[in-house]
Amino acid sequence: MPRTRCNDHVVGAILASWRYDISGISPEMRRDYEQHFLDCAHCRSRLKFHRSLDGTLAVLTSLAVVFFLFALAVVKHIKPLEHVAFNILGLDISDMYHMLLSAGTAGLIFSVIALALVLTATPAPTYLGGIAAERARVIEEHLPAAIRSLRSR
């Protein structure tokens, strides 16, 4: 991030304490802060950094949930694991199955809790929803008029 300073140190300190999230304030106050984001390159870059960090956290925790679901599916349906457990590791097949199933379940529960915490503690859902809506608008602008007229509003 560039080494710049905030134009208004009081407003910059308030925004920094809120992690540059103004989604929960009244519309009258929001206009002032949005104007500050337009005027101040420092706060604008910090806002961009924090929103990309929030989006990255949401994506990574979502991927963790998907990976643990995949791991549980593999444990449930793959038979070569029995060969590895019995012949190489010297484990009983049911011991190995219960151990892997317990680890996968614990990882899935932890990942779901982490995802819930990320989505409630950050403005990531609003931010990612805004990005999706903007991309949809851009795609819709490039559609032919005949197809655009079929879309219900």
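Residues numbered from 1 in each chain as written. Predicted model: local features only at pLDDT ≥ 70, side-chain atom pairs only at ≥ 80, totals over all residues. Heavy atoms only, no water.

## A closer look at the layout of surface pockets
Let me state the cut-off plainly: Buried and open spaces are told apart on a 1 Å grid over the protein atoms alone, a cavity being a set of points where a 1.4 Å probe fits but cannot get out and a pocket being an open set with protein on both sides within 12 Å along at least five of seven lines. Residues with an atom within 4 Å of a point are the lining residues. Grid points are joined across faces, edges and corners, and a volume is the space filled by probe spheres set on the points. Per the convention used, a helix needs a DSSP run of H or I reaching at least four residues, while a strand needs a run of E reaching at least two, with both numbered from the N terminus. We call Asp, Glu, Lys and Arg charged. Ala, Val, Leu, Ile, Met, Phe, Trp, Tyr, Cys and Pro are nonpolar, and the rest, Gly among them, are polar.
Estimated volume of the largest pocket: approximately 230 Å³. Every element with two or more residues in the lining of the largest pocket is listed here: helix H2 (27–39), helix H3 (41–77) and helix H6 (124–141). The greatest single-element share of the lining of the largest pocket, amounting to 3 residues, is contributed by H2. Per-class residue counts for the lining of the largest pocket are 6 nonpolar, 2 polar and 4 charged.

## A look at the pattern of salt bridges
Basically, it comes down to this: Note on definitions: salt bridges are taken to be side-chain nitrogens of Lys or Arg within 4 Å of carboxyl oxygens of Asp or Glu.
One pass over the structure, following the stated rule, counts 1 salt bridge. Salt-bridge contacts for arginine 51 lead to aspartate 54; the nearest nitrogen and oxygen are separated by 2.9 Å. One end of the pair is arginine 51 and the other is aspartate 54, both in helix H3 and 3 residues apart, which spans about a single turn.

## Details of the side chain of threonine 61
This is how it is decided: For this analysis, residues touch if any pair of their heavy atoms sits within 4.5 Å.
Structurally, the position occupied by threonine 61 is in helix H3. Excluding anything up to four places from it in sequence, threonine 61 contacts Ser111, Ala114, Leu115 and Val118.

## Focus on the environment of isoleucine 22
Threshold: Residue burial is assigned from relative accessible area. The probe radius is 1.4 Å, only protein chains are included, and a residue is buried under 20% of its type maximum, exposed over 50%, and partly exposed in between.
With respect to the element layout, isoleucine 22 can be found in the loop between helix H1 (9–17) and H2. Since its relative accessible area comes to 9%, isoleucine 22 is described here as buried. Between the C-alpha atoms of isoleucine 22 and leucine 47, which are 25 residues apart in sequence, the distance is 10.0 Å. Apart from residues no more than four positions distant in its own chain, isoleucine 22 is found in contact with Leu15, Arg30, Tyr33, Glu34 and Phe37.

Function-wise, these values are silent; they only describe arrangement.
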